[in-house]
Every structure is written in C-alpha cells, then in structure tokens.
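# Structural description and commentary
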Amino acid sequence: MYQLSDLICDKKSGSLKQIDAGNGQVYGVNDEGAIYTWNVNQWVQVPGSLTHVTVGPAGVWGVNSQNVIHKLVAGSWAQMSGFLNQIDAGGPQFVSGTNKSDDVVCLNRNAAIPAKEGSALPWINIPGKLKYYSCGTKSCWGVNSDDDIYFRTDVVTDSCVGTQWQQITGKLSMIEVSTEDSVYGVNSAGELYKRDGISCDNPTGTTWKKVAIQGVLVKHVSLDLGTVWLITKDGSILTCGQ
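Residues numbered from 1 in each chain as written. Predicted model: local features only at pLDDT ≥ 70, side-chain atom pairs only at ≥ 80, totals over all residues. Heavy atoms only, no water.

Helix and strand counts for the protein stand at one helix and 25 strands. Against the globule reference of 18 Å for 242 residues, the protein gives a C-alpha radius of gyration of 16 Å, in line with a compact fold. Taken across its 242 residues, the protein has 55% of its residues classed as buried. Contacts in the protein between residues far apart in sequence, at least 24 positions, make up 48% of those at least 6 positions apart. (Helix = DSSP H or I, 4+ residues; strand = E, 2+ residues; numbered from the N terminus. Rg over C-alpha atoms; globule rule 2.2 N^0.38 Å. Buried < 20%, exposed > 50% of the residue type's maximum accessible area, 1.4 Å probe, protein only. Contact = heavy atoms within 4.5 Å.)

Take a look at the structure:
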C-alpha cells in the first residue's frame, strides 16, 4: 500500500502500459498488445491485440499497432473506418482521438453508438494539433507535442467539435478526464497532477495540484467512480481512492 498526499493506493497484479476506466468498467493493454478488463477483482484477458483501449458512454473502442480503429460489438472487435493512435470514448456517447500526424478528430454520438463492422464513419476534423485528447461528459482536454495543455470550449452532447482552444497554464505529457469531469495528468518527469477548482461555472478549474508519490513515477492515469488508476513507469498497476 502506498500513502500519497491525497490518495491511498493499492497495487494490483499484472503489468500494463495503458489503462482506461469509464462507465464502471476498466480496460488496459500491455507491452505485447494483449487486452485485459478488470472483472471481480481480477484481470481477464480479452481476445485481440491493441496498443490503446478506451471505455466510456460510447462503448469500448481501441486502436492496434497499424492504427486501425476497432469497436467491441457483441463481444467481438469490429473494424471501423479511419486511423488513430489514441482514442477516447469518455464523452457523452461520442468518440474522439488523435492520429500519427497529431490531427484531432471526433465522431458524434449519432454515428458512434450504432457503428458496426463496415460502417463508413463520418469523422470530423477539429482544427489544431494534439498528441493526446480526452473528454468527459462536460469537458474535453488535450496536450500537444510540446506538452502544452488545452481546453476545448463549447463541446456539447450533439456537437463534439466545439468552437476554440483555450490554453491552460502548465505542462503535461498525457491527460485524462473522467465521466464525472475530474481531470488528472502526468508530466514527462512522471509526476501526477490533479486540476482543482473545476465547476459548472468554471469548467477549466483554477490550479494544478501535484499529487506526490514517494518513489513512484507515473506514466498513465485514468479515473472513474472515485477511483484513480495509475500505471507506473515500470508497468505496475495502482488503484487509489480520491
């Protein structure tokens, strides 16, 4: 057990390189591309191979080593149109992500929810360049190749594009928004940060609060239903209570 400044964490079995929690579910992938889901206090392997996986109101989606997009449909991975290297299903039933050129795209819920094998999906380009983009039910955040942080304004349920980028002070290498719209991020030094002061009246919050973890370097964070999931630099998996 790790005692953090604001969290108490337990180490889980296994090793992962990326993890995503949402809608009461948790999925992750390891260095070999194997896919796992957390079920009844244990990791259960899911058939297939992915480099990035996401779960949220829009379902379970992922991308493989060729950047091909897949969606879990009736227990099997269905290939979708388009290519991404990072994908997020945390928005209100829409999907978003970034490709290898750092282009940012999203898919509105009227296309994301019924999407199945062979669907020609109308991905919408969002102006700008990001390497990582994550949405909650009320907000979307991203980081670019320089680790600059951006908030996308006016993203709503039926229009995933939004209107403009608002730069937020700070530097992060990845960022995640929960379905409850809590925001956590990790910087290039492996330090974990939480965005404080987020509210309906102030969706961008006020300050970044560093969450000190003595002797632990983080490379990935996700959160859902009050639980923070961390992947450390060595691939260890931690669960922490907010």
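Okay, empty space enclosed by the protein next. The tally for this structure, following the rule as stated, stands at one cavity of 30 Å³ or more. Considered as a void within the structure, the largest cavity measures approximately 40 Å³ in volume. Lining the largest cavity are Asp20, Ala21, Gly22, Val55, Asp88, Gly90, Cys135, Glu176, Val177, Ser178 and Thr179. Where the lining of the largest cavity is concerned, the elements lending two or more residues are strand S3 (18-22) and strand S19 (174-177). Looking at the lining of the largest cavity, the element that brings in the most residues is S3, giving three residues. Looking at side-chain class alone, the lining of the largest cavity contains four nonpolar, four polar and three charged residues. (1 Å grid on protein atoms, 1.4 Å probe; cavity = no way out; pocket = protein on both sides within 12 Å on 5 of 7 lines; lining within 4 Å. Points joined across faces, edges and corners; volume = space filled by probe spheres on them. Nonpolar A, V, L, I, M, F, W, Y, C, P; charged D, E, K, R; others polar.)

Backbone-to-backbone hydrogen bonds pair the strands of a sheet. The strands run either parallel or antiparallel. Strands sit in the order S19-S20-S21-S22 across an open sheet of four strands; the sheet is antiparallel. Whereas interior strands pair on both sides, the edge strands pair on one side only; in this sheet they are S19 and strand S22 (207-211). Taken over all neighbouring pairs, the strand axes of this sheet differ in orientation by 25° on average, direction set aside. Inspection of the sheet shows strand S21 (residues 192-196) paired to S22 by five bridges, in the antiparallel sense. Residue pairing across strands places Arg195 opposite Trp208, the latter belonging to S22. (Pairing = 2+ DSSP bridges. Axes fitted to C-alpha atoms, helices over the stretch in contact; angles between N-to-C directions.)

Let us look at the nonpolar core. Formed by 28 residues in total, the largest nonpolar core has its most connected members in Trp141, Ile175, Trp208 and Leu230. Those residues in contact with Leu230 that lie beyond four places of it in its chain are Leu192, Ile213, Val218, His220, Val221, Ser236, Ile237, Leu238 and Cys240. Within the second largest apolar cluster, 17 residues are counted, among which are Ala58, Met80, Val95 and Ala115. (Core = buried A, V, L, I, M, F, W, Y, C linked by side-chain atoms within 4.5 Å.)

Our next topic: the sheet that holds strand S14 (residues 124-129). Strand order in the open sheet made by the four strands is S11-S12-S13-S14, with antiparallel pairing throughout. Pairing within the sheet leaves two strands with one partner each, and these edge strands are strand S11 (86-88) and S14. Taken pair by pair, the neighbouring strands of this sheet meet at an average axis angle of 20°, ignoring direction. The pairing of strand S13 (residues 103-107) with S14 spans four bridges and is antiparallel. Bridge assignment links Val105 to a residue of S14, and that residue is Asn125.

Here Tyr27 shows up in strand S4 (residues 25-29). Tyr27 sits in the buried class, given a relative accessible area of 7%. The sequence separation of Tyr27 and Pro127 amounts to 100 residues, and the corresponding C-alpha distance is 29 Å.

Turning our eyes to something else, we now look at the side chain of Asn187. With respect to the helices and strands, Asn187 occurs in the loop between strand S20 (183-186) and S21. On the accessibility criterion, Asn187 (12% relative accessible area) is buried. Separated by 3.0 Å, the side chain of Asn187 and the backbone nitrogen of Ala189 make a polar contact. A distance of 2.7 Å separates the side chain of Asn187 from the side chain of Glu191, its partner in a polar contact. (Polar contact = N/O pair within 3.5 Å; in protein donor to acceptor, adjacent residues only side chain to side chain.)

Here we take up the state of the cysteines. What we call a disulfide is simply a covalent bond connecting the sulfur atoms of a pair of cysteines. One pass over the full model with this rule turns up three disulfides. In this model, Cys106 is linked to Cys160 through a disulfide, with the two sulfur atoms separated by 2.1 Å. Across the S-S bond of Cys106 and Cys160 the torsion is about 75°, and the bridge reads as right-handed. Placement of Cys106 in strand S13 and of Cys160 in the loop between strand S17 (148-152) and strand S18 (165-171) is noted, with a sequence separation of 54 residues between them. With respect to burial, Cys106 and Cys160 carry one shared label: buried. What pairs with Cys135 in a disulfide is Cys140, and their sulfur atoms sit 2.1 Å apart. (Disulfide = S-S within 2.5 Å.)

In the structure shown here, the tally under the stated rule is eight aromatic pairs. Look at Trp141 and Trp208: their rings are 6.0 Å apart centre to centre, the planes differ by 70°, and that puts the pair in the edge-to-face class. Taken together, the residues span a long stretch of sequence, with Trp141 in strand S16 (residues 140-143) and Trp208 in strand S22 at a distance of 67 residues. Each member of the pair, Trp141 as well as Trp208, carries the same accessibility label: buried. (Phe/Tyr/Trp six-rings, centres within 6.5 Å; stacked < 30°, edge-to-face > 60°.)

Any functional reading would require information that these geometric values do not contain.
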